[in-house]
Amino acid sequence: MNEYINKYVIHILAVTAISETVFDIPLENCAMITLTTRTPPALKRIKIRKLVVDIQDVEDTELYGAFTSEHARTIIKFIHSLPENITDLYICCSKGGSRSTGCAAALMLMSGRSDDDVWKNPYYTPNFLVFREMCREFGIDMPDEAVEERLRINDEAFRNAQKNKNGGKYERWQILW
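Structure report, in brief.

Reading guide: rules and limits
- Residues numbered from 1 in each chain as written.
- Predicted model: local features only at pLDDT ≥ 70, side-chain atom pairs only at ≥ 80, totals over all residues.
- Heavy atoms only, no water.
- Phe/Tyr/Trp six-rings, centres within 6.5 Å; stacked < 30°, edge-to-face > 60°.
- Helix = DSSP H or I, 4+ residues; strand = E, 2+ residues; numbered from the N terminus.
- Buried < 20%, exposed > 50% of the residue type's maximum accessible area, 1.4 Å probe, protein only.
- Expected span 1.5 Å × (residues − 1).
- Arc of directions from axis to C-beta.

## Focus on the packing of aromatic side chains
Inspection of the entire model under this criterion finds 3 aromatic pairs. Taking 4.8 Å as the distance between ring centres and 70 degrees as the angle between the ring planes, the aromatic pair formed by Phe23 and Tyr90 counts as edge-to-face. Of this pair, Phe23 sits in the loop between strand E1 (9–14) and strand E2 (30–35) while Tyr90 sits in strand E4 (residues 88–93), placing them 67 residues apart in sequence. By relative accessible area, Tyr90 is classed as buried at 0%. Residues Trp119 and Phe131 carry aromatic rings whose centres are separated by 5.0 Å and whose planes lie at 80 degrees to one another, so their mutual orientation is edge-to-face. Linking Trp119 in helix H5 (residues 116–119) with Phe131 in helix H6 (residues 128–138), this pair joins segments that are 12 residues apart in sequence. Pair check on accessibility: Trp119 and Phe131 agree, each one buried.

What follows is the structure, given as structure tokens:
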């Protein structure tokens, strides 16, 4: 367990939803990680601690813009550098459903929490490359079989939601404790 990550409330958010009105607590208590090639103009105006990781939403390490272990180390270093007053961590990608959820699931495991809220949500399709690389760089044993099992659980949640005509829990953002 990592006390630096454990204390954060994790918000999953689409980068397009970023605006000055999104934050319901003082900005000095917030930090943001964006995992996207799109940076909205509002992000530049908002005075918040942020890390922009310019990656594509791909899961093949051979493709241009794929998430790498260096990206994971950069994110972990950013989190460890955050001051004590940070309480909320916003994790964003283009639509708030893939790269951000892969990162959030890994951060939840790093903090000793369950990542079930991510994998069992049929709205999300976590980017397994982001998830796997984050876990591995943090030292969490995450063999490919464990990632594949999470993907199976996520696929099953999606299929059940489609069968029951329930698209999953999604609002403007998702808050994970």
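## Some words on helix H3 (residues 69–81)
The end-to-end C-alpha separation of H3 is 18 Å, in line with the 18 Å expected for 13 residues at 1.5 Å each. Looking at H3, one finds that the buried residues are Ala72, Ile75, Ile76, Phe78 and Ile79. Viewed end-on, H3 has its buried residues packed into an arc of 155 degrees, placing them on one side of the element. Exposed side of H3, more than 90 degrees from the buried face: Glu70, Lys77 and Ser81 are the residues found there.

Everything listed here is a matter of geometry and, on its own, says nothing about what the molecule does.
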